[in-house]
Amino acid sequence: MPPLQDLLELAARVGYGARGFVYLSVGLLVLFATLGLVGDTVGIRGALEWLSKRPLGRLWMLMIGLGLTAFVMWRVLQSVFDADHEGTSRDGLMTRAGQLTSGLAYTGLAFAAFVLFAGPRAEDPSEGVVESRERAAMLLDLPFGRWLLIAAGLTLFGIGVANVVKAWREDFSEYLDCSVRMCRRVTPMARIGHVARGLAYLPLAGLVTLAGWNARAAEVTSFGAALERVEQWTAGAWIIGFIALGFVAFGLFAFIEARFRRIRPPRDIKHLP
């Protein structure tokens, strides 16, 4: 059996590849929807549902689910075991907290992929909106529920802004093991991708915050439906087109990471249980 360190590195690379495939798929579907080639704009979960209904869809869901599970495992190694050697400074702990949050988000996506592998659901474009409103209603029923929903919206807003800030401040070549020339060529994809991810969060963040302020769960919508509203603005199609291309860029950079990222599993994990 290969050493555990090699297995962990392989799992991390597979995970980055799975993340790249998901974002590339979402970006292309949003772009095709903007051009009127497919149905309504979809979010990440909507893209998984769309893929699950294509030929070999269940096989795709199994592979994506396993790949994202591997990525979640790598996020745990990064955040809990400090695989990237970020340390315990304030910035290091913030980075590791972000990695843990990312791991939790991808856990939900991996679970969704496995659910679709078990059997694609009947297509219902409004289902995501209904689920979002049900969760908002549950929050509003809690003590201080209005403020909890506002906090959820502000959290989404903070995630969006953090992605945009990261696009300009982060040295994305730091973790890549490639030539200076190649790193200079590929890192703009990461910057564009993070800006697009950040902008994509803002419409939903605004709607959730307003829903909390007005204490009306009916004002909450899904990620994809929020982008559809943006598409109705003046120049909205251009905004959605940029977000779609940014998602494609983010997915392509994830493939670059799958190949060239420096994967350094923690040294204290040496043996299988």
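See the structure above.
Below: a short report on this structure. Bear in mind the structure is a predicted one, so any value in this text is a computation, not a measurement.

The next point concerns the overall build of the chain. Along its length, the chain carries nine helices and zero strands. Helices and strands in the chain line up, N terminus first, as α-α-α-α-α-α-α-α-α. For 273 residues, the compact-globule estimate of 2.2 N^0.38 gives 19 Å, and the C-alpha radius of gyration of the chain, at 19 Å, lies within 12% of that figure. Over its C-alpha atoms, taken along the principal directions, the chain stretches across nearly 50 × 45 × 40 Å. When the 273 residues of the chain are sorted by exposure, 45% land in the buried category. The long-range fraction of contacts in the chain, counting pairs at least 24 apart against all pairs at least 6 apart in sequence, stands at 75%. Working note: accessible area of the chain is about 14,600 Å², and carbon and sulfur atoms make up 66% of it. Taking the average location of the 28 positive side-chain charges in the chain and that of its 23 negative ones, the two points are 5 Å from each other.

One non-glycine residue, L56, lies in the positive phi region at around 60°. On the secondary structure map, L56 appears in the loop between α2 (44–52) and α3 (57–79). Under the relative-accessibility criterion, L56 is labelled exposed at 62%. The residue D82 is not glycine, and still its phi comes out positive at about 55°. Relative to the helices and strands, D82 resides in the loop between α3 and α4 (90–118).

A disulfide bridge is the covalent bond that connects two cysteines by way of their sulfur atoms. One pass over the full model with this rule turns up one disulfide. Covalent S-S linkage joins C178 and C183, the inter-sulfur distance amounting to 2.5 Å. Between C178 and C183 the disulfide shows an S-S torsion of about 115°. By sign, it is right-handed. The pair formed by C178 and C183 is uniform in burial state, with each residue classed as buried.

The next subject is the environment of L100. For L100, the location among the structural elements is in helix α4. Residue classification places L100 among the partly exposed residues on the basis of a relative accessible area of 41%.

The rules behind the values
- Residues numbered from 1 in each chain as written.
- Predicted model: local features only at pLDDT ≥ 70, side-chain atom pairs only at ≥ 80, totals over all residues.
- Heavy atoms only, no water.
- Helix = DSSP H or I, 4+ residues; strand = E, 2+ residues; numbered from the N terminus.
- Rg over C-alpha atoms; globule rule 2.2 N^0.38 Å.
- Buried < 20%, exposed > 50% of the residue type's maximum accessible area, 1.4 Å probe, protein only.
- Contact = heavy atoms within 4.5 Å.
- Areas by Shrake-Rupley, 256 points an atom, 1.4 Å probe, with all protein chains shown as cover.
- Lys, Arg positive; Asp, Glu negative; His and termini not counted.
- Charge placed at Lys NZ, Arg CZ, Asp CG, Glu CD.
- Disulfide = S-S within 2.5 Å.

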